[in-house]
Amino acid sequence: MLNHKDNETICRVGPGTPMGVLMRRYWHPVCTSAQLPEPDAPPLRVRLLGEDYVVFRDSAGAVGMLDELCMHRGASLALGRVEEGGLRCLYHGWKFDVKGGVMETPNHADPKYRERMKAPAYPVREAGGLVWAYVGPKEQQPEFSRYAFMEAQPEHRVALRVNVHCNYLQLVEGGEDSSHVGVLHTNMARPGWIDDSFVPNPDVVNPAALVSNDLEPALKIEETAFGFQYVALRKTSEPGVKNARVVPFIIPYGRIIPAPAFLFTVFEVPEDDTHTSTYIVVHGNAPVTEDKIIELLGLDDKRYYDRKSCAYTSTWADNFGQDRERMKDDSWTGLVGVEVEDATIALSQGPLYDRSKEHLVPADQGVVRVRRALLNAVKVAAENGTPPAVGLDLRGVSACDVQMKDGALWQDLLPSHRETAPA
Ligand code: FES
Ligand SMILES: [Fe+2]
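What counts as what
- Residues numbered from 1 in each chain as written.
- Chains lettered and ligands numbered in written order.
- Predicted model: local features only at pLDDT ≥ 70, side-chain atom pairs only at ≥ 80, totals over all residues.
- Heavy atoms only, no water.
- Helix = DSSP H or I, 4+ residues; strand = E, 2+ residues; numbered from the N terminus.
- Rg over C-alpha atoms; globule rule 2.2 N^0.38 Å.
- Buried < 20%, exposed > 50% of the residue type's maximum accessible area, 1.4 Å probe, protein only.
- Contact = heavy atoms within 4.5 Å.
- Areas by Shrake-Rupley, 256 points an atom, 1.4 Å probe, with all protein chains shown as cover.
- Lys, Arg positive; Asp, Glu negative; His and termini not counted.
- Charge placed at Lys NZ, Arg CZ, Asp CG, Glu CD.
- Pairing = 2+ DSSP bridges.
- Axes fitted to C-alpha atoms, helices over the stretch in contact; angles between N-to-C directions.
- Parallel < 35°, antiparallel > 145°, perpendicular 65-115°, else oblique.
- Nonpolar A, V, L, I, M, F, W, Y, C, P; charged D, E, K, R; others polar.
- Donors = N, O, S within 2.8 Å, 3.2 Å for Na, K, Ca; no water.
- Tetrahedral: all angles 85-135°; square planar, octahedral: opposite > 155°, others 65-115°.
- Domains from an automatic or database assignment.
- Buried area = accessible area lost by both parts, 1.4 Å probe.
- 1 Å grid on protein atoms, 1.4 Å probe; cavity = no way out; pocket = protein on both sides within 12 Å on 5 of 7 lines; lining within 4 Å.
- Points joined across faces, edges and corners; volume = space filled by probe spheres on them.
- Phe/Tyr/Trp six-rings, centres within 6.5 Å; stacked < 30°, edge-to-face > 60°.
- Salt bridge = Lys/Arg side-chain N within 4 Å of Asp/Glu carboxyl O.

Summing up its helical and strand segments, the protein chain has 11 helices and 21 strands in all. Relative to its length of 423 residues, the protein chain is compact, with a C-alpha radius of gyration of 22 Å against a globular reference of 22 Å. By principal-axis analysis of the C-alpha atoms, the protein chain measures approximately 80 × 50 × 45 Å. Within the protein chain, buried positions represent 55% of all 423 residues. Restricting the contact set of the protein chain to residue pairs at least 6 apart, pairs at least 24 apart contribute 61%. With an accessible surface of roughly 18500 Å², the protein chain has 53% of that area assigned to carbon and sulfur atoms. Treating the 45 positive side-chain charges of the protein chain as one cloud and the 58 negative ones as another, the clouds have centres 4 Å apart.

With antiparallel pairing, four strands are arranged side by side in an open sheet as S5-S6-S7-S8. The outermost strands of the open sheet, each flanked by one partner alone, are strand S5 (81-83) and strand S8 (102-104). Across two bridges, strand S6 (residues 86-88) lies against strand S7 (residues 95-96) in antiparallel orientation. Along S7, the bridge assignment pairs Arg88 with Lys95.

This part is about the pairing of strand S15 (residues 241-250). Within S15, nine of the 10 residues are buried, which leaves the element mostly enclosed by the surrounding structure. Where strand S14 (residues 227-235) lies against S15, nine bridges are found, and the strand directions are antiparallel. Within the sheet, the bridge partner assigned to Arg234 lies in S15 and is Asn243. A loop of five residues connects S14 with S15, the two strands running antiparallel in sequence, and Gly240 in this loop sits at a positive phi of about 75°.

It is the contact of helix H1 (residues 4-11) with helix H10 (residues 365-382), at a shortest axis distance of 10 Å, that shows an interaxial angle of 75°. Between H1 and H10, the crossing angle belongs to the class labelled roughly perpendicular. From H1, Asp6, Thr9 and Ile10 reach across to H10, where they touch Arg371, Leu374, Leu375 and Val378. When grouped by side-chain class, the residues that make up the contact of H1 with H10 number four nonpolar, one polar and two charged.

Let us now look at the coordination of the iron ion (ligand 2). Looking at the iron ion (ligand 2), the protein donor atoms are His180 (NE2), His185 (NE2), Asp342 (OD) and Asp342 (OD), and they sit 2.0 to 2.5 Å from it. Coordination at the iron ion (ligand 2) is irregular: its four donor atoms span angles of 56 to 151° at the metal.

With that settled, the discussion passes to the pairing of strand S13 (residues 218-224). Looking at chain direction, S13 and S14 are connected through seven bridges and run antiparallel. Following the sheet pairing, Lys220 is matched in S14 by Val231. Counting the residues in the hairpin turn of S13 and S14 gives two residues.

Below, the discussion takes up unusual backbone geometry. Along the chain, Ile251 connects to Pro252 via a cis peptide bond; the corresponding omega equals 10°. Mapped onto the elements, Pro252 comes out in the loop between S15 and strand S16 (254-258). The phi torsion at Leu49 lies on the positive side, around 55°, for a residue other than glycine. Along the chain, the position of Leu49 falls in the loop between strand S2 (44-48) and strand S3 (51-57). Judged by its relative accessible area of 0%, Leu49 is buried. Of note in this structure, Phe320 is not a glycine but carries a positive phi near 55°. Take Phe320: it is sitting in the loop between strand S20 (311-312) and helix H8 (324-329).

A separate point is the domain arrangement of the protein chain. Interface size is commonly expressed as the accessible area that is lost once the parts come together. For the protein chain, the assigned domains are domain 1 (33-133) and domain 2 (148-419). Using only C-alpha atoms to locate each centre, domain 1 and domain 2 end up separated by 35 Å. Listed per partner, the contact involves 10 residues of domain 1 and 13 residues of domain 2. Across the domain 1 to domain 2 interface the summed buried area is about 1000 Å²; carbon plus sulfur atoms make up 63%.

Moving on, we get to empty space enclosed by the protein. Overall, the coordinates contain two cavities of 30 Å³ or more when judged by the stated rule. Taken as a whole, the largest cavity spans an internal volume of roughly 170 Å³. Considering the residues around the largest cavity, the lining is formed by 20 residues, among which Tyr26, Trp27, Ser145, Tyr147 and Leu394 are closest to the centre. Of the residues belonging to the lining of the largest cavity, the class tally is 15 nonpolar, three polar and two charged.

Across all of its chains, the model carries 16 aromatic pairs by this definition. Both rings, one in Trp132 and one in Tyr147, keep their centres 6.0 Å apart while their planes meet at 20°; by these two values the pair is stacked. On the criterion of sequence distance, the pair formed by Trp132 in strand S11 (residues 130-133) and Tyr147 in the loop between S11 and strand S12 (157-164) is long-range, its members being 15 residues apart. Look at Trp132 and you get buried, because its relative accessible area is 2%. With a relative accessible area of 8%, Tyr147 lands in the buried category. With a centroid separation of 6.3 Å and an interplanar angle of 15°, the aromatic rings of Tyr304 and Tyr312 are classed as stacked.

Two side chains of opposite charge can pair, provided their charged atoms sit close to one another. All chains considered together, the criterion is met by 27 salt bridges. With a shortest N-O distance of 3.0 Å, Arg12 and Asp273 are connected by a salt bridge. In this pair, Arg12 sits in the loop between H1 and helix H2 (18-23) while Asp273 sits in the loop between strand S17 (262-272) and strand S18 (275-284), placing the two residues 261 residues apart along the sequence. Relative accessible area serves as the criterion here: at 31%, Arg12 is assigned to the partly exposed category. One salt bridge connects Arg303 with Asp301, and the closest N-O pair in it is separated by 2.7 Å. What emerges from the salt-bridge pattern is a single network uniting Arg81, Glu83, Arg88 and Glu104.

This is the structure we're talking about:
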């Protein structure tokens, strides 16, 4: 359990809150590149850590992020016109470039006036199919952290966004909770479960495909420069051999999940205390399509996901689309797809789960460690220190799911985790 005070500290991300101060030390994904598909594409509203912004792609293809409300008299720039190298407010026509420069002020034509002004604008990068921004203190702006998926060929990578109506930590904790994989994702993790005949899932893209039927993994955890890595060790049918699934937690909300032939890098970016944008980037050494990933995640069903707005649309109104007839037959959850199962469980915990009433067991060690790592990082940020993962080159951070002989060191499976250093 986590007491109410620590729960509040760790979950609330608005300006001036302890977690809000920590979160503002990192670069954050704010939309996918595909959401701004071409120069002068419609601008997008972005909510990040309880504050509102607008992002747009100018005529030359550069992306900018400004405060949402126009610096003149507060109309939303998300309604504006994107044209001739800038974003123009509909109300009185003030026009801004991607750096916040004021290009025109038609209702006050004196250029000396606009030259003195600058709209609140934020540093932006575009990498790995995502647009990233930094909204923290200027003097603490870190190096931009690169990840392995940013090096992948575009046709070997898919970047998706799913907006879920709950606090980010519920989704983060699901990602560092190995023991749920063999239960919640039973249909994908343990095909054959219905008659107790375990057969490994042959889908090399599925991150819930387990090679073992063991529902009680032993967990081991080690702190790293980016947060921690942990291994879930499961028994196999071969004597002296365990299945080792290593997953990193990248402070403040990142993880990488292994599928047999691909890696899923996931970021649970808080829009505010009760809304999260989940970014899922899949990459590997072979082509992969968005349609395949959408289907795998269960997001090809319109009841669950609106591809245009990226909203996860399932609610209690129809019990999250749960099919109880199928549960009598061959479906453990009555749901279909990895993300649908994960998001449904996180939503079922409520908009902001109070952890003071839960009952943890040793299999929940990963979850406990997430909370401890975040509370420690909050302290570091409050004292103006450099929190874990800030400014690191994260290209060596990975995940794996392999067979390991007894006596071998699990930390040797991904030696780059111990070598992660500043960018
Ligand atoms: S409010 Fe934007 S130009 Fe006046
Ligand atoms: Fe899951």
